[in-house]
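The primary structure of each chain is shown beneath.
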Amino acid sequence: MKAIRVSEVGGPEALRFEEVATPAPGEGEALVRIEAAGVNFIDVYVRTGQYKAPKPLTLGMEGAGIVEAVGAGVRGVASGDRVGSVNFAGSYAQYAIAPAHRLVRIPEGVTTRQAAAALLQGMTAHYLTHATYPIRSGDFCLVHAGAGGVGLLLCQLGRRIGARVIATAGAPEKERLAREAGAEATIDYRTKNVAEEVRRITGGKGVRVVYDSVGKDTFEGSLDSLAQRGTLALFGQSSGKVEPVDPQVLNQKGSLFLTRPALAHYVAGAEELAQRSGDILAWIGAGELAIRIFRELPLAEAAESHRLLEGRKTSGKLLLIP
Ligand code: NDP
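Residues numbered from 1 in each chain as written. Predicted model: local features only at pLDDT ≥ 70, side-chain atom pairs only at ≥ 80, totals over all residues. Heavy atoms only, no water.

What to know about the sheet that holds strand 12 (residues 207-212)
Within the open sheet, the six strands sit side by side as 11-10-9-12-13-14. Their pairing is parallel. With partners counted over all chains shown, the strands left at the sheet margins are strand 11 (185-188) and strand 14 (257-259), one partner each. Taken over all neighbouring pairs, the strand axes of this sheet differ in orientation by 15° on average, direction set aside. With three bridges connecting them, strand 9 (residues 140-143) and strand 12 associate as parallel partners. Bridge assignment links V143 to a residue of strand 12, and that residue is Y211. Across the face of the sheet, helix 3 (residues 149-161) comes into contact with strand 9, strand 10 (164-169) and strand 12 while running at roughly 165° to strand 10. Against the sheet, helix 5 (residues 194-201) engages strand 9, strand 10, strand 11, strand 12 and strand 13 (226-234), with an angle of about 160° to strand 11. (Pairing = 2+ DSSP bridges. Helix = DSSP H or I, 4+ residues; strand = E, 2+ residues; numbered from the N terminus. Axes fitted to C-alpha atoms, helices over the stretch in contact; angles between N-to-C directions. Contact = heavy atoms within 4.5 Å.)

Some words on the packing of aromatic side chains
Note on aromatic pairs: each is described by the distance of the centres and the angle between the planes. As enumerated under the stated definition, the model contains three aromatic pairs in all. With 4.2 Å between their ring centres and 10° between their planes, Y127 and Y266 make a pair best called stacked. Of the two residues, Y127 sits in helix 2 (residues 112-132) while Y266 sits in helix 8 (residues 263-266), which places them 139 residues apart along the sequence. Exposure class is identical for Y127 and Y266. Each is buried. Within the aromatic cluster, the residues linked to one another by ring pairs are F41, Y45 and Y51. A cation sits over an aromatic face here: R160 above W283, 4.1 Å from the ring centre. (Phe/Tyr/Trp six-rings, centres within 6.5 Å; stacked < 30°, edge-to-face > 60°. Buried < 20%, exposed > 50% of the residue type's maximum accessible area, 1.4 Å probe, protein only. Lys NZ or Arg CZ within 6 Å of the ring centre and 35° of its normal.)

Comments concerning the pairing of strand 6 (residues 82-85)
When strand 5 (residues 62-70) meets strand 6, the two strands line up antiparallel, connected through four bridges. What sits directly across from A64, in strand 6, is G84. Bridge count between strand 6 and strand 8 (residues 104-105): two bridges; the pairing is antiparallel. Along strand 8, the bridge assignment pairs V83 with R105.

Structural notes on the environment of R47
Along the chain, R47 turns up in helix 1 (residues 41-48). With relative accessibility at 2%, the residue R47 sits in the buried group. Along the sequence, R47 and V83 sit 36 residues apart, while their C-alpha atoms lie 26 Å from each other. Excluding anything up to four places from it in sequence, R47 contacts V9, G10, G11, P12, A14, L15, H306 and E310. Of note is the side chain of R47, whose polar atom sits 3.0 Å from the side chain of H306. At 2.8 Å, the side chain of R47 and the side chain of E310 are in polar contact. (Polar contact = N/O pair within 3.5 Å; in protein donor to acceptor, adjacent residues only side chain to side chain.)

Remarks on the site of the ligand
The local shell around the ligand holds 29 residues, among which Y127, K174, Y189, L263 and R312 are the closest. In this structure, S213 approaches the ligand through a main-chain N or O atom, which is 3.2 Å from an oxygen atom. Within the backbone of Q237, an N or O atom sits 3.4 Å from an oxygen atom of the ligand. Elements with a contribution of two residues or more to the shell around the ligand: helix 1, helix 2, helix 3 and helix 10 (302-310). With four residues, helix 2 is the single largest residue contributor to the shell around the ligand. (Near = heavy atom within 4 Å.)

Structural notes on helix 5
Among the residues of helix 5, those classed as buried are V194, A195, E197 and V198. End-on view of helix 5: buried residues confined to an arc of 160°, all on one side of the axis. Exposed residues pointing more than 90 degrees away from the buried face of helix 5 are listed as E196 and R200. Buried positions along helix 5 lie against strand 9, strand 10, strand 11, strand 12 and helix 6 (219-225). If you check the start of helix 5, you find a side-chain oxygen 3.1 Å away from the backbone N of A195, and it comes from N193. Positive backbone phi, approximately 65°, marks G203, located one or two places after helix 5. (Arc of directions from axis to C-beta.)

Structural notes on empty space enclosed by the protein
Left-over empty space is what a probe sized like a water molecule reveals as it rolls over the atoms. Within this structure, the stated rule accounts for one cavity of 30 Å³ or more. Of the pockets and cavities examined, the largest cavity occupies roughly 60 Å³. Together, A117, Q121, G149, L152, L153, Q156, A290, I291, R292, G316 and K317 line the largest cavity. Elements that contribute at least two residues to the lining of the largest cavity include exactly helix 2 and helix 3. Here the lining of the largest cavity takes four residues from helix 3, the largest share from any one element. Residues of the lining of the largest cavity, tallied by class, amount to five nonpolar, four polar and two charged. (1 Å grid on protein atoms, 1.4 Å probe; cavity = no way out; pocket = protein on both sides within 12 Å on 5 of 7 lines; lining within 4 Å. Points joined across faces, edges and corners; volume = space filled by probe spheres on them. Nonpolar A, V, L, I, M, F, W, Y, C, P; charged D, E, K, R; others polar.)

This is the structure:
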């Protein structure tokens, strides 16, 4: 089969389109014929070595397709089932293995590509808005990179709950997309002082929560945008790693809460995985949640997908089609 392999850390050129043996499912595992693989920032962190992983490896965690075969002891999933997962061992490939209990069945009314595009970013937006800081109706909240994959979903889920969403974005077209997704105000964070704008929009109060996936460039402004006892959910580092923080700063700025959550810890159990994926796919099926697929690229062009994502050229989801 064809797969995107990484032997050494590096730039997008480190992604090699190669012929490798099709893996065989072991005990408790399933082999899935991938119809679409989701491209995520975590794949960039693995490629660059910001997140450590033994190499050589086949890149990618997210994908969807048809179960081709199952290993010993697998119950509840069978060949021919239409499934998706965020736990593939290398989804940038024609076939990929995942633990059978980490597969999610795709309901009718949701396309395989929509599922591949929605699971990782959708469940992330779900846990952030429902568990990390459960938004309440009327809360002001700030979403950085509001036209990004996770950002567009955070704007939609915030509006769904009745929150007053303020989004940042790096271009006028991206601001428009964030407003369409539910933000009542947007800030171009390339040119404006975010904390000052947030104070103006909220009448001086600040926001109850900041969902910050940008990290290095936005962190200070995020702390300064919070209301007293507000929560900073720092869930990514698209612009780079945040420097170490003195906890006393949280006291000075208003008894703030700071957390650095990861999806894996919010879908660790079967029940949470089923609940979050079930909600997201049901809302898509019902037309209540829009998944914006920015571009679909052939698997062989994986390097280009990383250039687009890192180059801030995307708004929504990138898919690779084997
Ligand atoms: P996005 O679609 O949000 O793409 C990243 C966006 O970040 C860009 O389009 C850009 O938007 C903005 N950005 C700002 N500064 C930079 C920079 N220096 N370089 C690149 N981009 C920048 O990606 P995803 O939705 O896939 O992921 C968003 C973030 O969420 C990532 O950091 C990812 O690691 C994190 N994440 C964390 C999870 C968790 O559980 N902790 C799970 C899933 C994702 P603009 O042009 O508008 O500035």
